[in-house]
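# Residue-level structure breakdown
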Amino acid sequence: DSGVTQTPKHLITATGQRVTLRCSPRSGDLSVYWYQQSLDQGLQFLIQYYNGEERAKGNILERFSAQQFPDLHSELNLSSLELGDSALYFCASSVDRGVGELFFGEGSRLTVL
Amino acid sequence: KNQVEQSPQSLIILEGKNCTLQCNYTVSPFSNLRWYKQDTGRGPVSLTIMTFSENTKSNGRYTATLDADTKQSSLHITASQLSDSASYICVVTRQSGGYNKLIFGAGTRLAVHP
């Protein structure tokens with residue numbers, strides 16, 4: 001158990017819909033990262049937050065948005081969903097700004113039908 | 001361009017055999033290099049993390065090496081077990097001001113057969 005909690009574990013929805021994925025980092029970790037992993041693909045970095053502020057952006061679509069709340073949990077919002085958004089979405093956390101150990105959650109599997 | 005290349009893309013070995021996975025990178029400036037194990041459908045789990053000054057680091061049957069001069073790393077798995085079947089991901093951290101960027105390799109998919 002990495003200490004990073006992601007909910008929901010599985011989500012099935014239809015095209016055009018909007019979903020929210022939630023991540024609770026390890027206790028004491030200030031950085032939260034979001035990654036997308038499509039079937040048989042590598043991890044694609046989406047976005048990083050540090051202590052409530054956005055710090056780095058990767059290949060995140062405009063239809064996607066995220067935020068980190070004062071209690072340090074984070075949410076990833078995916079809207080106007082397309083079939084190609086079906087993927088595993090991982091959250092990771094670290095205590096610092098990216099030098100130290102990164103701990104991953106078990107992911108949220110999104111299926112868009 | 002900051003890239004991490006892993007080879008082979010996939011590998012099949014017999015249980016009990018050893019294997020070595022390769023990682024070449026062009027990331028600069030370099031901060032550290034990590035190896036992760038990812039079981040299918042699960043989150044990646046850290047195996048090792050090495051800084052510039054570290055040449056070798058072990059974690060049980062996993063031994064990672066780093067040659068910062070040639071910008072190469074390897075992950076050696078000794079006496080493989082069926083549970084070693086997974087994807088192994090090399091990640092290089094690039095220094096970027098006060099924040100660091102993680103550059104992911106595409107991974108090597110290892111299958112250990114009985």
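For the structure itself, consult the block above.
All values reported here derive from a predicted model rather than from experimental measurement.

### Focus: the pattern of salt bridges
- Under the defined criterion, the tally for this structure stands at nine salt bridges over all chains.
- Across the salt bridge formed by A:D85 and A:R63, the nearest N and O atoms sit 2.8 Å from each other. Residue A:D85 is found in the loop between β8 (74-78) and β9 (87-94), and its partner A:R63 is found in the loop between β6 (53-57) and β7 (64-68); the two are separated by 22 residues along the sequence.
- Note on A:D85: relative accessible area 3%, which makes it buried.
- Residue B:R42 pairs with A:E106 through a salt bridge whose shortest N-O separation is 2.6 Å. Taken together, the residues B:R42 in the loop between β4 (30-38) and β5 (45-51) and A:E106 in the loop between β10 (103-104) and β11 (108-112) connect one chain to another.
- Since its relative accessible area comes to 43%, B:R42 is described here as partly exposed.
- We classify A:E106 as partly exposed; its relative accessible area is 35%.

### Considerations on the interface of chain B and chain A
- Between chain B and chain A, the contact holds 20 residues from the first and 20 residues from the second.
- Roughly 1700 Å² is buried in total at the junction of chain B and chain A, and carbon and sulfur atoms are behind 50% of that figure.
- Run the count over chain B and chain A and you get four residue pairs in polar contact (both at pLDDT 80 or more).
- Ranked by residue count, the leading element in the side of chain B that touches chain A is β4(B), at five residues.
- Split into classes, the residues belonging to the side of chain B that touches chain A amount to eight nonpolar, nine polar and three charged.

### Re the side chain of A:D85
- Here the side chain of A:D85 touches A:E82 through a polar contact of 2.8 Å, landing on its backbone nitrogen.
- Dropping the residues within four chain positions of it, A:D85 is found in contact with A:Q36, A:L61, A:R63, A:F64, A:S80, A:L110 and A:V112.

### What to know about the sheet that holds strand β1 (residues 5-7) of chain A
All names here are of chain A.
- Ordered by their spatial adjacency, four strands build an open sheet running β1-β3-β8-β7, and the pairing between neighbours is antiparallel. The open sheet has two free edges, formed respectively by β1 and β7, since each of these has just one partner strand. Between one strand axis and the next, the sheet turns through 15 degrees on average, direction left out of account.
- Alignment of β1 against strand β3 (residues 19-24), held across three bridges, turns out to be antiparallel. Among the inter-strand pairings, T7 is bridged to a residue of β3, identified as R22.

### What about the layout of surface pockets?
- Approximately 650 Å³ is the volume found for the largest pocket.
- Forming the walls of the largest pocket are 30 residues, and the residues nearest its centre are A:Q37, A:D40, A:Q41, B:S87 and B:R109.
- For the lining of the largest pocket, the secondary-structure elements that each account for two or more residues are β9 of chain A together with β1 (4-7), β9 (86-96) and β11 (108-113) of chain B.
- Residue classes in the lining of the largest pocket are distributed as nine nonpolar, 16 polar and five charged.
- Considered as a void within the structure, the second largest pocket measures approximately 390 Å³ in volume.
- Along the wall of the second largest pocket there are 17 residues; nearest its centre are A:L43, A:Q44, A:F45, A:N59 and B:F104.
- For the lining of the second largest pocket, the elements supplying multiple residues, two or more each, are β4 (31-37) and β5 (44-50) of chain A together with β10 (99-104) of chain B.
- In terms of residue count, the dominant contributor to the lining of the second largest pocket is β10(B) (four residues).
- Partitioned by chemical class, the residues of the lining of the second largest pocket number six nonpolar, 10 polar and one charged.

### Some points on the nonpolar core
- Counting 25 residues, the largest nonpolar core has B:V4, B:Y25, B:L33, B:W35, B:L75, B:Y88 and B:V92 as its most contacted members.
- With residues up to four places along the chain from it excluded, the contact list for B:V92 reads B:V4, B:Y25, B:V27, B:F30, B:N32, B:L33, B:K101, B:L102 and B:I103.

The rules behind each value
- Once a new chain begins, its residue numbering starts again from 1 and follows that chain's sequence as written.
- Here every chain gets a letter starting at A, and every ligand a number starting at 1, in the order they are written.
- Local features are withheld for residues below a pLDDT of 70 in this predicted model, meaning they are given only at 70 or higher, and side-chain atom pairs are given and counted only at 80 or more; totals for whole chains, interfaces and linings count all residues.
- Note that the side-chain values use all heavy atoms of the structure and ignore hydrogens as well as water.
- Here, a salt bridge means any side-chain nitrogen of Lys or Arg that lies within 4 Å of a carboxyl oxygen of Asp or Glu.
- Helix numbering and strand numbering both begin at the N terminus, where a helix is a DSSP run of H or I of at least 4 residues and a strand a DSSP run of E of at least 2.
- Residue burial is assigned from relative accessible area. The probe radius is 1.4 Å, only protein chains are included, and a residue is buried under 20% of its type maximum, exposed over 50%, and partly exposed in between.
- Should any heavy atoms of two residues lie within 4.5 Å, those residues are counted as being in contact.
- Here the quantity called buried area is the total loss of accessible area, with a 1.4 Å probe, experienced by two parts when brought into contact, counted for both.
- Polar contacts here mean pairs of N or O atoms no more than 3.5 Å apart (in protein, one a potential hydrogen donor and the other a potential acceptor; neighbouring residues in sequence count only if both atoms are side-chain atoms).
- Gly is put with the polar residues, along with every residue not named as nonpolar or charged; the nonpolar set is Ala, Val, Leu, Ile, Met, Phe, Trp, Tyr, Cys and Pro, and the charged set is Asp, Glu, Lys and Arg.
- Strands were regarded as paired on the criterion that DSSP finds at least two bridges between them.
- All axes are obtained by fitting lines to C-alpha atoms, using only the stretch in contact for helices, and the reported angles, taken between N-to-C directions, cover 0 to 180 degrees.
- The rule is simple: put a 1 Å grid over the protein atoms alone, call a set of points where a 1.4 Å probe fits but cannot get out a cavity, call an open set with protein on both sides within 12 Å along at least five of seven lines a pocket, and count a residue as lining if it has an atom within 4 Å of a point.
- Grid points are joined across faces, edges and corners, and a volume is the space filled by probe spheres set on the points.
- Take the buried residues of types Ala, Val, Leu, Ile, Met, Phe, Trp, Tyr and Cys, join any two whose side-chain atoms come within 4.5 Å, and each joined set is a nonpolar core.

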